[in-house]
Structures are given as C-alpha cells and as structure tokens.
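Structural features, examined
Spelled out, the chains give:
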Amino acid sequence: MLYFLLSPFYSLGRSPGGKPALCYVARRASETTLLSTLPQLLSRAQPSASRPSALLLESEPGKAPGVFDIHTSSRSNQRVPYEYLTTNEELARFCDEIATAKTIAFDTEFISEHTYRSDLCLVQVAVEDRLVVIDSVTINNMQPFWELLVQPGHETLVHAGREELCFCLDATGKRPNDMFDIQIAAGLVGYEYPAGYGSLLSKLLGQQLQKGETRTDWRRRPLSRQQIEYALDDVRHLQAMRDKLYAKLQSLGRLSWLADEMLAWQNDVDYSRNRERWRRVSGIAGLSIQSMAIVRELWLWREKEAERRDSPPKRVLRDDLIIELAKRKTADPRQIGAVRGMERGDLQRNLPKLAECVERALNLPDAELPRTERRETPNQINLLGQFLSSALTS
C-alpha cells in the first residue's frame with residue numbers, strides 16, 4: 001500500500017536551487033512502482049503555492065533516500081516529475097534500471113568557448129515516461145551512461161545531435177545505437193533543414209518553446225528551477241516528435257532514406273574528427289603546397305599549446321594569422337612578430353617556436369609535403385532537405 005506523509009523536512013529536502021522544500025515521504029519497496037504511480041497522483045492534484053516542491057523517497061532502511069523534484073511547467077500548467085542525479089551511485093543505478101528500454105532520448109548542455117574540449121555540464125534524458133537530469137558537474141564518472149547508449153536493443157533519439165554523438169565517441173570510441181535525429185528526419189519529409197528545435201516543436205506538436213536561458217553558464221551550481229525546466233524542455237518532447245516524423249516517413253516510403261542519411265551523417269562526423277584536421281583552417285583554399293605545409297606545422301603547435309593551456313585553439317593563434325604566416329613563408333622571428341595581430345604578449349614570447357614551425361615546413365622534402373585533397377563532401381542532407389522543402393509535399 002502506498003501512502004504519503006506531509007511534513008516539512010528542511011534538512012532533507014532541498015530543490016536544485018538550494019532552497020528548503022516541503023517533502024512527501026513515501027515508504028515503498030519499489031522506486032519504479034512509485035515513479036509509475038506518481039504522474040497519476042499529480043494529475044489529480046491542483047497546483048498550489050502551499051504544495052510540496054519535492055518528493056523524498058525512503059526505499060530501504062539505512063540507505064540514503066533519492067530526491068525527485070516536481071515543478072509546474074509554465075507552458076503546460078502540469079506538474080512534471082523529474083529525477084535529479086548527482087552521484088556516481090545514482091547514475092549507475094539509473095543505467096541499470098533502463099538497460100532494457102526500447103528508446104532513450106537525450107540532450108546535453110555544455111560550454112565550449114572557454115576550454116580546449118567541450119565541457120559537459122548537464123545531460124537530460126527522457127526514457128520510459130521518466131525525465132532525468134544527470135548532473136555531470138558533480139558526477140565524475142559518466143562512463144556507465146555512454147556505455148549504455150552504445151549497447152544494442154534501443155533507439156537513441158536526439159535533435160541536431162552532433163555534440164551528443166561526439167561525447168559518446170570520445171567516451172567509448174563507438175556510436176550510440178540506432179540513432180534517430182529529429183532534425184535530419186524533418187528534412188526528409190519536407191521541413192526546412194536545418195530546422196531548430198523550437199520550430200519543429202511548433203510545426204509537429206503545435207507547442208511553443210519559450211527560450212529564457214540561452215546565456216546560462218551551465219557550469220555554475222546550484223541550478224535554478226527555471227534552468228532545469230529549460231534543459232528538460234529540450235528532451236521531453238523528442239519521443240512525440242519522433243513518432244510524428246516516423247509516421248510521415250513511413251507513409252511516404254522514406255524510412256530507408258532516413259537510414260541512409262543517418263549513416264552518411266555519422267560517417268561524415270567520424271571523417272571530420274579523424275581526418276587531417278589542420279585542413280579545416282579557414283582560408284586554406286588556394287594555398288601552395290609549401291604554404292599548406294606551414295599551416296600544418298603551425299596548427300600542430302597550436303593544438304599542443306591549446307591542450308596544455310586548456311584553452312580554445314583559436315584563442316592561442318587565430319586562423320587568419322596562421323594563413324598570413326603561411327603566405328609570407330618567412331622563418332625570421334622578427335618578421336613574424338611584425339605581422340599585424342601578433343603583438344600579443346604570449347605570441348611574442350613564442351616567436352622562436354613559431355619560427356621553428358615555419359622553418360621545419362620549408363625544409364620538408366617533396367615526399368613529405370601535403371597533397372591537395374580532392375574529396376567531394378557536399379552536405380547532401382542540406383541539399384536534399386532544401387529540395388524536399390520546396391518541391392515535395394509531406
């Protein structure tokens with residue numbers, strides 16, 4: 001029998017914003033049973049300022065309870081239960097619980113402008129009628145989640161999921177199983193490509209997304225209720241959007257198109273990560289082979305220095321400066337230092353190293369010089385999406 005006791009437990013229940021919360025205490029052997037029952041209970045409850053804002057679950061005597069925050073969506077006026085995971089143990093238990101799930105939808109919040117690699121700050125998951133926030137700032141071992149995603153037996157839902165794919169590749173060297181990208185699927189049934197999440201949510205489900213946390217520093221803690229709600233809104237509708245798109249693809253006989261495009265897209269991401277990435281320096285087109293060799297040497301130095309500083313590479317040495325030095329083909333530190341844009345103190349201190357890079361490139365034998373890359377890589381899905389948007393009906 002499930003029963004609730006209403007009582008203030010200020011020392012036990014706190015929202016992610018850090019404020020004390022009134023708590024329900026539920027004694028139940030099965031957390032899963034409670035979670036499946038909770039939405040029905042909440043659907044009969046009217047939102048009220050005096051109602052508890054969190055639920056404290058006592059599962060077994062002597063064990064730490066789990067806190068499941070409940071908030072009222074400003075758009076739907078429905079109470080939405082979600083779990084907020086902050087420890088390695090909670091994450092491992094959650095991954096075990098959803099190991100047999102047929103669909104896992106997820107999204108991430110990250111900061112990329114201040115560090116060498118993107119700094120993962122939050123992971124939002126929608127699975128089996130559960131909404132879960134994984135606090136990757138406080139959890140220091142995210143491996144169980146990434147390992148779960150690459151296991152067979154489920155579909156992985158994302159929207160514009162390049163970063164999500166890359167996080168998984170970095171952690172496991174493998175792709176999430178059976179990826180379904182909402183953005184790519186939408187392009188194949190006649191919507192514009194690339195379509196933003198809010199635009200697709202409006203067109204597919206008739207709901208409006210109110211963005212209010214686009215400038216959030218996701219590394220800071222505690223997160224407010226509004227920040228968590230914003231993050232969850234990016235994942236809670238993915239299943240419904242997927243179902244709409246799947247039905248359209250099926251009716252148009254284009255499910256095989258999606259399979260082909262998903263494979264091509266993932267292959268392209270793999271290629272862009274594993275190719276000679278120095279070739280992506282902006283402005284490299286049209287350079288001579290020798291200048292390209294200089295670009296390569298300067299890029300390699302920049303990557304090592306950026307990783308050492310844990311700084312974005314372009315903050316160490318801008319692309320336009322690499323291209324300018326490659327065009328000038330001089331290994332004289334004074335001439336390198338005289339280039340406009342090289343006045344910064346750290347660049348002046350590294351003039352000897354930059355000169356060594358240029359000299360090393362200039363002295364390469366012909367056999368070691370880079371060759372012009374002739375790989376046609378049009379963004380096929382972009383072209384196809386635009387074509388479908390204008391020429392085909394859904």
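Thresholds applied
- Residues numbered from 1 in each chain as written.
- Predicted model: local features only at pLDDT ≥ 70, side-chain atom pairs only at ≥ 80, totals over all residues.
- Heavy atoms only, no water.
- Core = buried A, V, L, I, M, F, W, Y, C linked by side-chain atoms within 4.5 Å.
- Buried < 20%, exposed > 50% of the residue type's maximum accessible area, 1.4 Å probe, protein only.
- Helix = DSSP H or I, 4+ residues; strand = E, 2+ residues; numbered from the N terminus.
- Contact = heavy atoms within 4.5 Å.
- Lys, Arg positive; Asp, Glu negative; His and termini not counted.
- Salt bridge = Lys/Arg side-chain N within 4 Å of Asp/Glu carboxyl O.
- Polar contact = N/O pair within 3.5 Å; in protein donor to acceptor, adjacent residues only side chain to side chain.
- Pairing = 2+ DSSP bridges.
- Axes fitted to C-alpha atoms, helices over the stretch in contact; angles between N-to-C directions.
- Parallel < 35°, antiparallel > 145°, perpendicular 65-115°, else oblique.
- Left-handed = near helix turned anticlockwise from the far one by under 90°.
- Expected span 1.5 Å × (residues − 1).
- Arc of directions from axis to C-beta.

1. A short note on the nonpolar core
Membership of the largest hydrophobic core comes to 68 residues, with the highest contact counts inside it found for L91, F94, V125, I134, F145, W146 and L245. A total of seven residues in this core trace back to one element, the largest contributor, which is strand β7 (residues 119-127). Excluding anything up to four places from it in sequence, L245 contacts F180, I182, A185, A186, V189, Y191 and L204. The next biggest cluster of nonpolar side chains, apart from the first, holds 32 residues, and it includes V295, I322, I336 and L369.

2. Quick look at the side chain of R296
In this fold, R296 is placed in helix α10 (residues 289-309). Here R296 occupies a buried position and makes no salt bridge, while the nearest side chain of opposite charge, E297, is found at 4.6 Å. A polar contact is formed between the side chain of R296 and the backbone oxygen of E368, at a distance of 2.9 Å. Apart from the residues within four sequence positions on either side, R296 is in contact with W278, L364, E368, L369 and P370.

3. Some words on unusual backbone geometry
Following Y193, the chain continues to P194 via a peptide bond in cis, the omega torsion being 0°. Looking at the secondary structure, you find P194 in the loop between α5 (182-187) and α6 (197-205). Across the junction of R221 and P222, the peptide omega takes the value 5°, indicating a cis bond. Although it is not a glycine, D129 adopts a positive phi angle of roughly 65°. We classify D129 as exposed; its relative accessible area is 82%. Phi angles above zero are rare outside glycine, and A160 is one such case at about 50°.

4. Some details on the pairing of β7
Buried residues dominate β7, accounting for eight of its nine residues. The pairing of strand β6 (residues 103-111) with β7 spans seven bridges and is antiparallel. Across the sheet, F110 pairs through a bridge with L120, a residue of β7. In this sheet, strand β8 (residues 130-134) lies alongside β7 in antiparallel orientation, the contact comprising five bridges. Bridge pairing in β8 links V125 to V132. Taking the residues between adjacent antiparallel strands as the criterion, β7 and β8 are bridged by two residues, where E128 takes a positive phi near 50°.

5. Some points on the packing of α10 against helix α12 (residues 319-328)
Each packed pair of helices is defined by two parameters, the angle between the axes and the distance between the axes. α12 packs onto α10 with a crossing angle of 140° between their chain directions and a minimal axis gap of 8 Å. Judged by the inter-axis angle, α10 sits oblique to α12. When the axes of α10 and α12 are compared, the crossing they make is right-handed. Across the interface between the two elements, S291, I294, V295, L298 and R302 from α10 touch D319, I322, I323, L325, A326 and K327 from α12.

6. Observations concerning the environment of E324
Residue placement: E324 occurs in helix α12. On the basis of relative accessible area, E324 is assigned to the partly exposed category, the value being 28%. Distance in space between the C-alpha atoms of E324 and V295 is 9.5 Å, their sequence separation being 29 residues.

7. As for the pattern of salt bridges
Applying the stated criterion to the full structure yields 23 salt bridges. R273 is the partner of D170 in a salt bridge, and the nearest nitrogen-oxygen pair spans 2.8 Å. Here D170, found in helix α4 (residues 162-172), pairs with R273, found in helix α9 (residues 255-274); they are 103 residues apart in sequence, far enough to count as distant. With a relative accessible area of 27%, R273 lands in the partly exposed category. Here E305 ties to R309 by a salt bridge, and the two come within 2.9 Å at their closest N and O atoms. Here R309 and E305 lie together in helix α10, a separation of four residues that amounts to about one turn. Here E305 falls in the buried class, since its relative accessible area comes to 7%. Looking at R309, the relative accessible area reads 29%, which means it is partly exposed.

8. Structural notes on helix α15 (residues 351-362)
When the terminal C-alpha atoms of α15 are compared, their 16 Å separation across 12 residues agrees well with the 16 Å that a helix rising 1.5 Å per residue should span. The set of residues buried in α15 consists of L351, L354, A355, C357, V358 and A361. Buried residues of α15, seen end-on, are gathered within an arc of 155° and therefore sit on one face of the element. Here the buried face of α15 lies against α10, α13 (333-337) and α14 (345-349).

9. Quick word on the environment of W265
As for its position among the elements, W265 is in helix α9. Between the C-alpha atom of W265 and that of R162, which follows or precedes it by 103 residues, the distance is 9.1 Å.

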